[in-house]
Protein chains: 2
Amino acid sequence: MAEKLDDIDRRILDVLQRDASLSQRDIADRVGLSQNALWRRLKRLEETGIMSGARMHLDARALGLDLTVFVMVRTRNHSMEWSEGFRKHVARIPQVQEMHRIGGDWDYMLKVVTTNMAGYDAVYRRLTTGYELDTVTGFFSMETMLEDRPLDLHA
Amino acid sequence: MAEKLDDIDRRILDVLQRDASLSQRDIADRVGLSQNALWRRLKRLEETGIMSGARMHLDARALGLDLTVFVMVRTRNHSMEWSEGFRKHVARIPQVQEMHRIGGDWDYMLKVVTTNMAGYDAVYRRLTTGYELDTVTGFFSMETMLEDRPLDLHA
DNA sequence: GTTGAAACACCCTCAAT
DNA sequence: ATTGAGGGTGTTTCAAC
């Protein structure tokens, strides 16, 4: 799956994951390419699917989305069919930002972002309606200390 | 903190958080505004800080970043000074995408994205070097079922 | 890989309504 | 709020090296 990327590709991606509004002129200067050569690389990086679209970053707090909860779920049924059904169920809840099937003491972990406790309660009810979950525990974020950081492209 | 946003503002933000590469012409058509009126709203939304820059979305898997771990940390020292020092310590680790101070059985939760188990071990060592942590447990994501979803602007 | 140019789209501002 | 228009910038595709 890992595509062949050289250092320049990595630098282009790193610049863009931090600021996608830069002009090709600026990016080309930063990575030491002509605008034309950069254009060809950008096209290739798009085609391979490594870059999958620019997104505007929004400030959740400024939008009144003040509550972040990490929800741990333990279930009884562990078949893949049930898991996929559960995924679709959760995907219909827009306050869920992220969902993972995890190892350890729990089966699933969800990240929920909403306005307040009433909003979380609504998510909780929707989550548990129609699905028999063994245990559901919310870990409430009291302080977001780091968020939305760029990927480490040198890892 | 919550700014005064009408439905049109919300629709603009919703369109842009899904695709920041759209032209003002396209956005204006979608939300039913003239390009000129849209421009003024965009300027205002930028100034208030609700929109904080476009970012290119990268496919972690295509970049070989195949391992996601949620790290739960329990500490002994719970002073705010220690917490801020710990935050700065963690902020220097580029594989950490997210860090929260949480309530419940744990004190902190970190999201780590890296290449493989060796990469995670490097993060673990760096995390625990110089800081006496009571307990550190990693919940390994076996399957990312939902990720990077847009915020729910109607919550 | 590079430069230069041409055609087009987009952004921003202003004037008028 | 709207349309229309102008100048400047950015993108995309050439041709030539």
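A few points on the structure. The residue numbers shown here count from 1 along each chain, following its written sequence. Written order decides the labels, with chains lettered from A and ligands numbered from 1. Only residues with pLDDT of at least 70 are given local features in this predicted model, and only at 80 or more are side-chain atom pairs given and counted; all residues enter the totals for whole chains, interfaces and linings. The basis for every side-chain value is the complete set of heavy atoms in the structure, and neither hydrogens nor water enter the calculation.

One requirement defines pairing of two strands: DSSP has to find at least two bridges between them. Secondary structure follows DSSP: runs of H or I at least 4 residues long count as helices, runs of E at least 2 residues long count as strands, and numbering of each begins at the N terminus. Strand order in the closed barrel made by the 8 strands is β2(A)-β4(A)-β3(A)-β5(B)-β2(B)-β4(B)-β3(B)-β5(A), with antiparallel pairing throughout. This sheet shows a mean twist of 35° between the axes of neighbouring strands, independent of strand direction. Judged from the 5 bridges that link them, strand β3 (residues 96-102) of chain A and strand β4 (residues 108-114) of chain A form a sheet pairing that is antiparallel. The partner of A:Met99 across the bridge, within β4(A), is A:Leu110. Contact definition: two residues touch when any of their heavy atoms are within 4.5 Å. Structural elements are reduced to axes, namely lines fitted to C-alpha atoms, with helices fitted over the stretch in contact, and the angle between N-to-C directions of any two is expressed from 0 to 180 degrees. Lying over the sheet, helix α5 (residues 117-128) of chain A contacts β2 (67-75), β4 and β5 (133-146) of chain A, oriented at roughly 150° with respect to β5(A). Where helix α4 (residues 80-91) of chain B meets the sheet, it contacts β5 of chain A together with β2 (67-75), β3 (96-102), β4 (108-114) and β5 (133-146) of chain B, and its direction lies at approximately 165° from that of β3(B).

Here the focus is the protein's contact with DNA strand D. Lining the immediate surroundings of DNA strand D are A:Ser23, A:Gln24, A:Gln35, A:Asn36, A:Trp39, B:Leu33, B:Ser34, B:Asn36, B:Ala37 and B:Arg40. Close to the protein, within 4 Å, the atoms of DNA strand D belong to sugar or phosphate groups at a rate of 63%. Polar contact is the term for a pair of N or O atoms within 3.5 Å; when the atoms are in protein, one must be able to donate a hydrogen and the other to accept it, and sequence-neighboring residues count only if both atoms are side-chain atoms. Contact between DNA strand D and A:Asn36: a base nitrogen at 2.6 Å from a side-chain N or O atom of the residue. Every element with two or more residues in the surface near DNA strand D is listed here: α3 (35-47) of chain A together with α3 (35-47) of chain B. We call a residue near a molecule or strand when any one of its heavy atoms sits within 4 Å of it.

On to helix α1 (residues 7-18) of chain A. The end-to-end C-alpha distance of α1(A), which contains 12 residues, comes to 17 Å, matching closely the 16 Å that a straight helix rising 1.5 Å per residue would cover. For α1(A), every residue scored as buried is listed here: A:Asp9, A:Ile12, A:Leu13, A:Val15, A:Leu16 and A:Gln17. In this fold, the buried residues of α1(A) make contact with α2 (24-31), α3 and β1 (51-58) of chain A together with β1 (51-58) of chain B. The opening residue of α1(A), the one whose side-chain oxygen lies 3.1 Å from the backbone nitrogen of A:Ile8, is A:Asp6. The span one expects for a helix is its residue count, reduced by one, times 1.5 Å. The classification of residues rests on relative accessible area computed with a 1.4 Å probe and restricted to protein chains. Under 20% of the type maximum is buried, over 50% is exposed, and intermediate values are partly exposed.

With that out of the way, let us pick up the environment of B:Arg149. Mapped onto the secondary structure, B:Arg149 falls in the segment after β5. You can call B:Arg149 partly exposed: its relative accessible area is 22%. C-alpha separation for the pair B:Arg149 and B:Arg18, spaced 131 residues apart in sequence, amounts to 8.7 Å. Among residues more than four places away in sequence, those in contact with B:Arg149 are A:Val90, A:Ala91, A:Ile93, A:Pro94, A:Val96 and A:Gln97. A polar side-chain atom of B:Arg149 sits 2.9 Å from the main-chain carbonyl oxygen of A:Val96.

What follows deals with the packing of aromatic side chains. Residue and element names in this part refer to chain A. Side-chain rings of Phe, Tyr and Trp (the six-membered ring for Trp) are treated as a pair once their centres are within 6.5 Å; stacked means planes under 30 degrees apart, edge-to-face means over 60, and tilted covers the remaining angles. Applying the stated criterion across every chain, the model contains 14 aromatic pairs over all chains. Ring geometry for Phe86 against Tyr108: centres 5.1 Å apart, planes inclined by 65°, an arrangement best described as edge-to-face. Taken as a pair, Phe86 in helix α4 (residues 80-91) and Tyr108 in strand β4 lie far apart in primary sequence, 22 residues in all. We note that Phe86, like Tyr108, is buried. In textbook terms, an aromatic cluster arises when at least three aromatic residues are bridged by ring pairs, as seen for Trp82, Phe86, Tyr108 and Tyr131. It is Arg74 that lies over the ring of Trp106; its NZ or CZ is 4.2 Å from the centre. A ring has a charge above it when a Lys NZ or an Arg CZ is no more than 6 Å from the ring centre and no more than 35 degrees off the ring normal.

As a matter of local geometry, DNA strand C sits amid A:Gly32, A:Leu33, A:Ser34, A:Asn36, A:Ala37, A:Arg40, A:Arg41, B:Ser23, B:Gln24, B:Gln35, B:Asn36 and B:Trp39. Expressed as a percentage, the sugar and phosphate content of the atoms of DNA strand C within 4 Å of the protein is 65%. Interatomic distance of 2.8 Å between a side-chain N/O atom of A:Ser34 and a phosphate oxygen of DNA strand C. Between DNA strand C and A:Asn36, the relevant distance is 3.0 Å, taken from a base oxygen to a side-chain nitrogen or oxygen of the residue. Of all elements in the fold, only α3 of chain A together with α3 of chain B reach the threshold of two or more residues within the surface near DNA strand C.

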